[in-house]
Amino acid sequence: MAKYSTGSGGDSAGGSCELCGAEGDTQTASVAGATLELCGDCAQNHGETDRSQGGSDTSEDQERKRRAAQNAAKMQDSQSADSSHWEDGADYDADQLPYLVSDYGSRVTDARQDAGLKTGELADELDLSEDDVLAVEQGRAVQANVKGSTIAEIEGFLDIELAESR
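Throughout this description, residue numbers start from 1 for each chain and increase along the sequence as written. The predicted nature of this model means local features are confined to residues of pLDDT at least 70 and side-chain atom pairs, given and counted, to a pLDDT of 80 or more, with totals for whole chains, interfaces and linings taken over all residues. Excluded from the side-chain calculation are hydrogens and water; included are all heavy atoms of the structure.

1. Describing the overall build of the chain
Part 1: Each helix corresponds to a stretch of at least 4 residues labelled H or I by DSSP, and each strand to a stretch of at least 2 residues labelled E; elements are numbered beginning at the N terminus. From N to C terminus, the chain includes six helices and three strands.
Part 2: Listed by position from the N terminus, the elements making up the chain come as β-β-α-β-α-α-α-α-α.
Part 3: Residue burial in the chain is summarised as follows: out of 166 residues, 30% are buried.
Part 4: For the chain, the proportion of contacts with a sequence separation of at least 24, taken over those separated by at least 6, is 40%.
Part 5: Residue burial considers only the protein chains on display, and all accessible areas are found by Shrake-Rupley using a 1.4 Å probe. When the accessible area of the chain is evaluated, it comes to approximately 11,100 Å², of which 43% is carbon and sulfur surface. Between buried and exposed lies partly exposed: a residue is buried under 20% and exposed over 50% of the maximum accessible area for its type, with that area taken using a 1.4 Å probe on protein chains only. We call two residues in contact whenever any of their non-hydrogen atoms come within 4.5 Å of each other.

Written out as structure tokens, the structure is:
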């Protein structure tokens, strides 16, 4: 039997291994997403035994798969630039977000409250988007694509330091 078949050949009663071709008892195993009939050695070294034959994923396996899917999604997001919200002619490299101190969100919230302002009032005072002010206060300036000039305006108005260094 040919190696790397689609899993239609062999059975646990005595076929041949779909990876190495060894004759004898085989078992169903998953290798790189394909379900194959493998000898004991190949199943142990190359695959995971078929979950339908006596159990389900453990919570550890499910968590590992969930984290792997999240990491793959993050990688895909970071590799594809979303320019749909970019303005023509803007030089975004010139207005980069500086490295921010770890507690920048709470610093802004505390200073704004000390000044007796609501988020919308602070945004209006600085002619900023309230969404940007909220993103900064919630500690998600990077994810919300807040510009460096926004941070500088907030720092200047509230007399606080948010950037680690300039």
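2. Considerations on the pattern of salt bridges
Part 1: Salt-bridge detection follows one rule: a side-chain nitrogen of Lys or Arg within 4 Å of a carboxyl oxygen of Asp or Glu. In total, this model carries three salt bridges according to the counting rule given.
Part 2: For the salt bridge of R67 with E63, the shortest nitrogen-to-oxygen distance reads 3.7 Å. Residue R67 and its partner E63 are located together in helix α2 (residues 59–79), separated by four residues, close to a single helical turn.

3. Considerations on helix α6 (residues 148–158)
Part 1: Looking at α6, one finds that the buried residues are G148, T150, I151, I154, E155 and L158. The buried residues of α6 occupy an angular sector of 160° when the element is viewed end-on, so they sit on one face.
Part 2: Check the buried side of α6 and you find it contacts α3 (104–114), α4 (119–126) and α5 (130–137).
Part 3: Positive backbone phi, approximately 55°, marks D159, located one or two places after α6. Note that the arc is computed from the directions linking the helix axis to the C-beta atoms.

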